[in-house]
Every structure is written in structure tokens, then in C-alpha cells.
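In case you want the letters, here they are:
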Amino acid sequence: MPKIEAIVADSDGTLVDTVDLIRHGQHETATRYLAQHGVSEEELPDFDTYNEILTKMVGGSARNTLEQTVRELYKNSPHHLTGVNFDDLHSMLNPVQDELAPEYVKAYEGLADFLRRLGDMNVQLAVFTSGTPHHIVRNLGIALPELNMVDLHKDKSKSDEEKLQMFEQRLKETFGLEGFTVVTEGDVINHKPAPDSLHLAAKRLGVATDAIAVLGDHKVDMQAAVNAGIATRIGITHGFDDESTLRESGATHIAHSLSDVGKIIK
């Protein structure tokens, strides 16, 4: 393995345990909207039914995941989709997830130690995500209370971009990282599994792709790394996809915890 100068990591399901937030948030958002749209209680999906389909659709943007899941739910009764405005549906997601986040967002074991170790090893970090600046500031702010940014996402006096800049600087300083950046869904046109977000992360950090390791819990993370020509691809099993799926999608190494990642790149 070449010397690793930077890790580019997914966020949800990789650094932060937001799996239950995504599942419950999307289900609650969809059922609230569909009920307002006139779908009867008997025809609304229960959590298990919704989650089974959601698991197959997750990986792209939250809006696309919502739309694809709802369309699949009602593919045999398309009259329920007549007049559905998926932009309006998506606009309900953040407020719902904001309500649920304190209950469902958790740091994966060893997250703070992992970040400190990267700082000690002079390894830079980038996050590449299909989420928005709001999601990153909320989820990592809650997961890392040592940043004193648990409530930053609620601050209405600043834009989401301003809050993300504040968050990036605070995390970099707190954990002694030489470099840290976040590439969100709004920074690129083509999302995972396209390589665009990885290329942008490498450019921002000033690191060649052969000195980068990609870390992710989902097949699209591994596929994006393959498409970006990155040789070191670490699949982590505590999120959405299992070891077999990650290997089939291009993972060259498997980690079962964040502590494993440091051992792999050392």
C-alpha cells in the first residue's frame, strides 16, 4: 500500500450512526405527507415495509431516495402518486429529522479517537456525502459534543454554508488535523457512484489520488472510489452494507470498526 496522506470518508453510516435517523426520518416524513395528500391510514406503509424498500434505494441524495422509495411503494396503485410533489415532500424531511436527531444520531465507537489519531499521523481528512451542509453540521455536531456545536444547526442567523465553514474550522483545530474539508451534494453535479466528489476532495486537500484511502459503508462509496481510480478502498461494516456487498463493489480492505481503519493505513 502506498503512503496514505488523506482519508476521504463518507459520513452517514461510516463516521456517524445515522442509520436509524435516516430510516425513521424518511418513514415519518413520507407518511405525514401522504396522509396530508389523502392516502388512508390503512394504505400508509408501516415502518418495516417502508424500510425494506428504503434499504434498496438509499445511496443517492435524500430527495431522490424519498422519491424512489415512495414510487416503489405505490407502483401497483399509482393513483396514490397523482399530484404528489416530491419537492414539497423533501422540504418536510429536515424539520422531521431535526426533531428526531437527538434520539437517533450517535457517533460510532471510537470516532473522536479516530480523528485524533489522524491528526497524530498527519493524515488529512475529507468527508464526501450525498447530504447537505445542514445534515453534516447537525449530525456531526451532535455526535461530537466536544466541538460545542450541538445546537449550531438551529442557528437561524447564519447560512448553512457559514455554519459548515465554522464546523470545518472547529473540527480541524479540535483534533489537530492538517487539513479537513467537506464535499456535500451541492458541490458537484454528478453524485456517487460518479467520481466527482472524490476528485474535488483530492483537489481541495492538494493530495494525489494514489495517496488517498476512501472509507465508506455503502456500495456506492466503493463504486465511486473505483471510478475515481483510487486504489485503497476501505469498506466498513457497521453501516448499511455487509462485507460481501462491499467487496463485490470494490473494497480492497474491510474494517469492522473505526479503530481498524488506523491499523489498515498505518
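Quick notes on the rules
- Residues numbered from 1 in each chain as written.
- Predicted model: local features only at pLDDT ≥ 70, side-chain atom pairs only at ≥ 80, totals over all residues.
- Heavy atoms only, no water.
- Helix = DSSP H or I, 4+ residues; strand = E, 2+ residues; numbered from the N terminus.
- Rg over C-alpha atoms; globule rule 2.2 N^0.38 Å.
- Contact = heavy atoms within 4.5 Å.
- Lys, Arg positive; Asp, Glu negative; His and termini not counted.
- Charge placed at Lys NZ, Arg CZ, Asp CG, Glu CD.
- Salt bridge = Lys/Arg side-chain N within 4 Å of Asp/Glu carboxyl O.
- Buried < 20%, exposed > 50% of the residue type's maximum accessible area, 1.4 Å probe, protein only.
- Axes fitted to C-alpha atoms, helices over the stretch in contact; angles between N-to-C directions.
- Parallel < 35°, antiparallel > 145°, perpendicular 65-115°, else oblique.
- Left-handed = near helix turned anticlockwise from the far one by under 90°.
- Pairing = 2+ DSSP bridges.
- Right-handed = clockwise from strand over helix to strand, strands pointing away.
- Core = buried A, V, L, I, M, F, W, Y, C linked by side-chain atoms within 4.5 Å.
- Polar contact = N/O pair within 3.5 Å; in protein donor to acceptor, adjacent residues only side chain to side chain.

**Comments concerning the overall build of the chain**
Inference 1: A tally of helices and strands in the chain yields twelve helices and eight strands.
Inference 2: Against the compact-globule benchmark of 18 Å for 266 residues, the chain has a radius of gyration of 18 Å, which places it among compact chains.
Inference 3: Overall size of the chain, expressed as C-alpha extent along the three principal axes, is 55 × 45 × 30 Å.
Inference 4: Within the chain, counting contacts between residues at least 6 apart in sequence, those at least 24 apart form 67% of the total.
Inference 5: Separation of charge centres in the chain, based on 25 positive and 42 negative side chains, amounts to 5 Å.

**Focus on the pattern of salt bridges**
Inference 1: For the structure shown, the criterion picks out 16 salt bridges.
Inference 2: Of the charged contacts in the structure, one is a salt bridge between arginine 32 and glutamate 99, with a shortest N-O distance of 3.2 Å. Pair noted here: arginine 32 is in helix H1 (residues 19-36) and glutamate 99 is in helix H5 (residues 93-104), with a separation of 67 residues, a long-range link.
Inference 3: Note on glutamate 99: relative accessible area 51%, which makes it exposed.
Inference 4: Here the salt bridges share partners, and the residues they tie into one network are Arg63, Glu67, Arg71 and Asp87.

**Notes on the packing of helix H2 (residues 47-57) against helix H3 (residues 62-73)**
Inference 1: In contact at an axis separation of 9 Å, H2 and H3 are set at 125° when each is read in the N-to-C sense. In terms of their interaxial angle, H2 and H3 are classed as oblique. Between H2 and H3 lies a crossing of right-handed hand. On H3, the residues that touch Thr49, Tyr50, Ile53, Leu54 and Met57 of H2 are Thr65, Leu66, Gln68, Thr69, Val70, Glu72 and Leu73.

**Brief notes about the pairing of strand S6 (residues 212-216)**
A regular strand places its side chains so that they alternate between the two faces of the sheet.
Inference 1: Most of S6 sits out of view: five of its five residues are buried.
Inference 2: Along S6, one buried face is formed by Ile212, Val214 and Gly216 and the opposite face, lined by Ala213 and Leu215, is buried too.
Inference 3: Alignment of strand S1 (residues 6-9) against S6, held across four bridges, turns out to be parallel. Bridge pairing links valine 8 to valine 214 in S6.

**A closer look at the pairing of strand S7 (residues 232-236)**
Inference 1: With five of five residues buried, S7 lies mostly within the body of the structure.
Inference 2: Residue alternation in S7 divides its side chains into two sets, Thr232, Ile234 and Ile236 and Arg233 and Gly235, and both sets are buried.
Inference 3: Strand direction decides the pairing type here: S6 and S7, joined by four bridges, are parallel. Of the residues in S7, the one forming a bridge with valine 214 is arginine 233.
Inference 4: In this fold, S6 hands off to helix H10 (residues 219-227), which returns the chain to S7; that crossover is right-handed.
Inference 5: Bridge count between S7 and strand S8 (residues 253-255): three bridges; the pairing is parallel. Paired with isoleucine 236 across the two strands is alanine 255, which belongs to S8.
Inference 6: Taken together, S7, helix H11 (residues 243-248) and S8 form a β-α-β motif whose crossover is right-handed.

**Some remarks on the nonpolar core**
Inference 1: Counting 68 residues, the largest nonpolar core has Ile7, Phe114 and Phe167 as its most contacted members.
Inference 2: Among the elements that make up this core, the one with the highest residue count is H1 (six residues).
Inference 3: If we skip the residues at most four places from it in the chain, isoleucine 7 touches Phe114, Leu118, Val123, Gln124, Leu125, Ala126, Ala213, Leu215, Val261 and Ile265.
Inference 4: In terms of nonpolar packing, the next biggest core, distinct from the first, is built from 22 residues, Val8, Leu198, Ala202 and Ile230 among them.

**Re the sheet that holds strand S4 (residues 124-128)**
Across a sheet, paired strands are connected by hydrogen bonds in the backbone, their directions being either parallel or antiparallel.
Inference 1: Pairing within the open sheet is parallel, and its six strands lie in the order S5-S4-S1-S6-S7-S8. Each edge of the open sheet is held by one strand with a lone partner, namely strand S5 (180-183) and S8. Taking the axes of each pair of neighbouring strands and ignoring which way they run, one obtains an average angle of 20° across the sheet.
Inference 2: Across the sheet, H10 is in contact with S4, S6 and S7; its angle to S6 comes to roughly 160°.

**Examining the side chain of asparagine 139**
Inference 1: As for its placement among the helices and strands, asparagine 139 is situated in helix H7 (residues 133-143).
Inference 2: Take asparagine 139: its relative accessible area is 3%, and that puts it in the buried class.
Inference 3: Within polar-contact distance, the side chain of asparagine 139 engages the side chain of aspartate 12 at 3.4 Å.

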